[in-house]
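Architecture and fold: a report
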Amino acid sequence: ELLEAVVGLPGPETSYDRDTLVDFWARRPEKVVKRVFDFLNAFRRTRKAWSDADGDRGSILRAELANLGPVAVKLGQTLSQRPDILPEDVCEALKGLQTQNLPFPDDEAFQVIAEDYNAPGPLAPGHPFAHGDANAKPLFAEFGHTSVAAASLGQVYKARTWDGRDIAVKVQRPDAMRRCLLDGAVIILALKALQGRYWNGDLLAIFDETAGGVIEELDFRREAINAKTFGESIAWLGYARVPETLPELTTRRALAMEWIEGRHLQDLKPEEAARMTYMAVEAVTAGLCLTGLVHADPHEGNIMLADNGDLVFLDFGLMSRVDADICEAFAAGIQCVLAKDYVGLVQAFQDTGFVGTPINWRAKDGDEWLDAHPSGRPLPEVMAEEVERRMSAAPETGSRFGALAAVLGDMGFTWYMFTPPYIILLTRTFLTLEGIANQVDPAFNVYEVALPWAVRRALAPSTVKGAATLRSSILTDDGTFQWGRIDDLIEETTADAPEPAPTVEMDAPSSGRGRLMAAEAAQAKPQFEGADAAAQAVHAAKPADALTTVLGSPAGSTLRRVARDLDSTDLLLGLARRRNRPARRLAAAQLSAAINAWWTKKP
């Protein structure tokens, strides 16, 4: 039908075109109007439950979102991790949308499987679903009679192949594509009404980026590719993995992958939950700073702790791909947040495209935008002071990333900010992760977990600008050493870590609370020993350790070139000074560790 032309179906690749989508539904206005009323009625019922003291508002909101379909369910999944936005009882109720969404009839799922897998007969011996020749060999040795999990776009069944392999088969909801595209048309109409009135930037471009991701997510062939690519991108960590997909059992509407025994967050002991959560945040932040490939939907239903201790990611329909220059800008921003370097943070905002160049400002909402401040002071400096003032006044909600997002949202009325399309999925990713982590540890700081990866990225830049920034942060114009940077590194390295929980049986190097449990997880896992050597050295290490790791690796070519430009006489004289005694100790410790590592590897 014409609807399939909107996304290029049934060809091998899906695509999204806003004009085609709008044109299709413009010729079906009655369906658009009905859908608008569906949203309005759901809002009315939810508002009534909110004002009813005896009503179970969380359950009612969950039911309304589930009935509205995939787009609303994804919104509910995100909100379930945001107790700073919704009451805790409502967040808890919405978590059911992650793994316990309303399932669609099993017979409809079985029909999809039979059609897409060309089943000649029964799905499995004794299976109740009848299709084709009853005497033909069944498709599987075993196949579940009902789903084991239901999510926004599909539901999962456990099966066993004839060679004895346990697998998970995910089947797409039969109406998922149509409902997502109809909701997309409604959202486009709303955004066109808002464009240029209540928001800076191109709202429709932002939606196009998000819609394109959802369309990809509706093609399970794309998800299989994403799973393989993402699995390869995190394999070097040694403790994270993705299920292997089965290409021969992958279609647009059905996806088969290996079954991995494990448990989700709600089924873990506190120490297990902490370990899994820290590993997850560490893996995702490594993607943001180093690989450029980030899992964009890491809610509680999409991560689990395998029985062997591995961190397992699930569902790869939504992925964020970040260019090298943006990775470097985020890495710089992470360091600036922890160092409270707000001038540097504003520069990171500009480098990511969140703030324009030049910066534009106005005294109050509705005034004309200006590229200069009445005081004559540079706007980046003025903006940095406002960010610092607002962050200092922000309430301690346990959500540091969320606090920064809220501050920037408030500042958007007087500072001209953009929302680059790629930033939407990244923001959703980290707000979701932080929401999970704060359940485990209210003092959790996502920036601390990301710091060693940010340092490593800064020490191994892949862009000309990044190389120039690295050089200027280490050397002055005349080639002398920036001792202030070493002071910062020493402070980060010697920062006191909190006492480990009583359940911890080993000490682990830590640059902050966020790295402790992930370090323990890595040290406790035998298979981590087989990971890439450079990755092991950086993983769960203090920021200073990244220096020696990168310096000797292929990625450290820029750092080595900077070292060659160093005025060695000035460096030696500087090390001899009394004030630099901590630097001498740090250098000695790093050299000793490097020699010890080399010696223990000798045959």
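Parameters and conventions
- Residues numbered from 1 in each chain as written.
- Predicted model: local features only at pLDDT ≥ 70, side-chain atom pairs only at ≥ 80, totals over all residues.
- Heavy atoms only, no water.
- Helix = DSSP H or I, 4+ residues; strand = E, 2+ residues; numbered from the N terminus.
- Buried < 20%, exposed > 50% of the residue type's maximum accessible area, 1.4 Å probe, protein only.
- Contact = heavy atoms within 4.5 Å.
- Areas by Shrake-Rupley, 256 points an atom, 1.4 Å probe, with all protein chains shown as cover.
- Core = buried A, V, L, I, M, F, W, Y, C linked by side-chain atoms within 4.5 Å.
- pLDDT = per-residue confidence, 0-100.
- Axes fitted to C-alpha atoms, helices over the stretch in contact; angles between N-to-C directions.
- Parallel < 35°, antiparallel > 145°, perpendicular 65-115°, else oblique.
- Nonpolar A, V, L, I, M, F, W, Y, C, P; charged D, E, K, R; others polar.
- Pairing = 2+ DSSP bridges.
- Salt bridge = Lys/Arg side-chain N within 4 Å of Asp/Glu carboxyl O.
- Phe/Tyr/Trp six-rings, centres within 6.5 Å; stacked < 30°, edge-to-face > 60°.
- Patch = residues over 30% accessible without salt bridge, like charges linked within 9 Å, V, L, I, M, F, W, Y side chains within 5 Å.
- Left-handed = near helix turned anticlockwise from the far one by under 90°.
- Arc of directions from axis to C-beta.

1. Quick word on the overall build of the chain
Assigned secondary structure in the chain consists of 26 helices and 11 strands. Considering the chain as a whole, with its 603 residues, one finds that 50% of them fall into the buried category. Summarising the internal contacts of the chain: among those between residues at least 6 apart in sequence, 66% fall at separations of at least 24. Within the structure as shown, the chain displays about 28,300 Å² of accessible surface, and the carbon and sulfur contribution to it stands at 56%.

2. Considering the nonpolar core
Core analysis: the biggest nonpolar cluster contains 73 residues, and L311, F313, F349, M383 and W415 have the highest contact counts within it. Here this core takes 13 residues from helix α12 (residues 270–291), the largest share from any one element. Ignoring sequence-local partners within four residues, the contact set of M383 consists of V346, F349, V355, I359, M411, W415 and M417. Among the nonpolar cores identified, the runner-up in size contains 23 residues, and F110, Y117, I167 and V169 belong to it.

3. Here's the deal with the confidence of the model for the chain
Scored by pLDDT, the chain has a mean of 75; 68% of the residues are at 70 or more. Below pLDDT 50 for its whole length, residues 495–544 participates in 98 contacts with residues either more than four positions away or in separate chains.

4. A look at the packing of helix α3 (residues 29–51) against helix α4 (residues 57–68)
Axis separation between α3 and α4 bottoms out at 9 Å; the angle between their running directions is 175°. When the axes of α3 and α4 are compared, the pair comes out roughly antiparallel. On the side of α3, the interface is formed by R35, D38, F39, A42, R45, T46, A49 and W50, while α4 contributes R57, I60, L61, E64 and L68. Within the contact of α3 with α4, the residues separate by chemical class into seven nonpolar, one polar and five charged.

5. What to know about the sheet that holds strand β10 (residues 311–313)
Strands sit in the order β5-β10-β9-β7 across an open sheet of four strands; the sheet is mixed. Both edges of this open sheet fall to β5 (240–241) and β7 (262–263), since each of them pairs with a single strand only. The pairing of strand β9 (residues 303–306) with β10 spans three bridges and is classified as antiparallel. Directly across from M304, in β10, lies its bridge partner V312.

6. Points about the pattern of salt bridges
Scanning the entire structure with this criterion turns up 23 salt bridges. We note a salt bridge from K34 to D38, for which the minimum N-O separation is 3.7 Å. Residue K34 and its partner D38 are both found in helix α3; the two are separated by four residues, about one turn of the helix. According to the relative accessible area criterion, K34 is exposed, its value standing at 53%. A salt bridge links R241 to E258; the shortest N-O distance between them is 3.0 Å. Placement of the pair is R241 in strand β5 and E258 in strand β6 (residues 254–258), with a sequence separation of 17 residues. The exposure class assigned to R241 is partly exposed, which follows from its relative accessible area of 26%. Taking the relative accessible area as the measure of exposure, E258 reaches 17% and is therefore buried.

7. Here's the deal with the packing of aromatic side chains
Inspection of every chain in the model, using the stated rule, returns 15 aromatic pairs. The interplanar angle of 90° and the centroid separation of 5.2 Å between the aromatic rings of F230 and F313 together place this pair among those described as edge-to-face. On the criterion of sequence distance, the pair formed by F230 in helix α11 (residues 220–234) and F313 in strand β10 is long-range, its members being 83 residues apart. With relative accessibility at 2%, the residue F230 sits in the buried group. Judged by relative accessible area, F313 falls into the buried class, the value being 0%.

8. Some words on a nonpolar patch on the surface
Taken together, the side chains of V33, V36, F37 and L40 present a nonpolar region at the surface, about 340 Å² in accessible area. Looking at the secondary structure, you find V33 in helix α3. Of the residues examined, V33 reaches a relative accessible area of 43% and is grouped as partly exposed.

9. Regarding the packing of helix α14 (residues 342–351) against helix α15 (residues 379–393)
Interhelical geometry of α14 versus α15 gives an angle of 110° and a closest axis separation of 8 Å. Relative to α15, the element α14 lies roughly perpendicular. Relative to α15, the crossing made by α14 is right-handed. Of the residues in α15, those touching α14 at Y342, V343, L345, V346 and F349 are P380, M383, A384, V387, E388 and M391. Here the contact of α14 with α15 is composed, by residue class, of 10 nonpolar, no polar and one charged.

10. Some thoughts on the environment of A332
Within the element layout of this structure, A332 appears in helix α13 (residues 324–339). Separated by 123 residues in the primary sequence, A332 and V455 have C-alpha atoms spaced 8.2 Å apart.

11. Some points on helix α2 (residues 18–26)
Taken together, the buried positions of α2 are occupied by L21, F24 and W25. The arc enclosing the buried residues of α2, seen along the axis, measures out at 85°, which places them on a common side. Away from its buried face, by an angle of more than 90 degrees, α2 presents the exposed residues D19 and A26.

12. Concerning unusual backbone geometry
A cis amide bond, omega 5°, links T357 with the succeeding residue P358. Not every positive phi belongs to a glycine, and N118 is a case in point at roughly 55°. With respect to the element layout, N118 can be found in the loop between α8 (106–116) and β1 (142–143). Not every positive phi belongs to a glycine, and D315 is a case in point at roughly 65°. Inspection of the secondary structure puts D315 in the loop between β10 and β11 (319–321). With relative accessibility at 17%, the residue D315 sits in the buried group.

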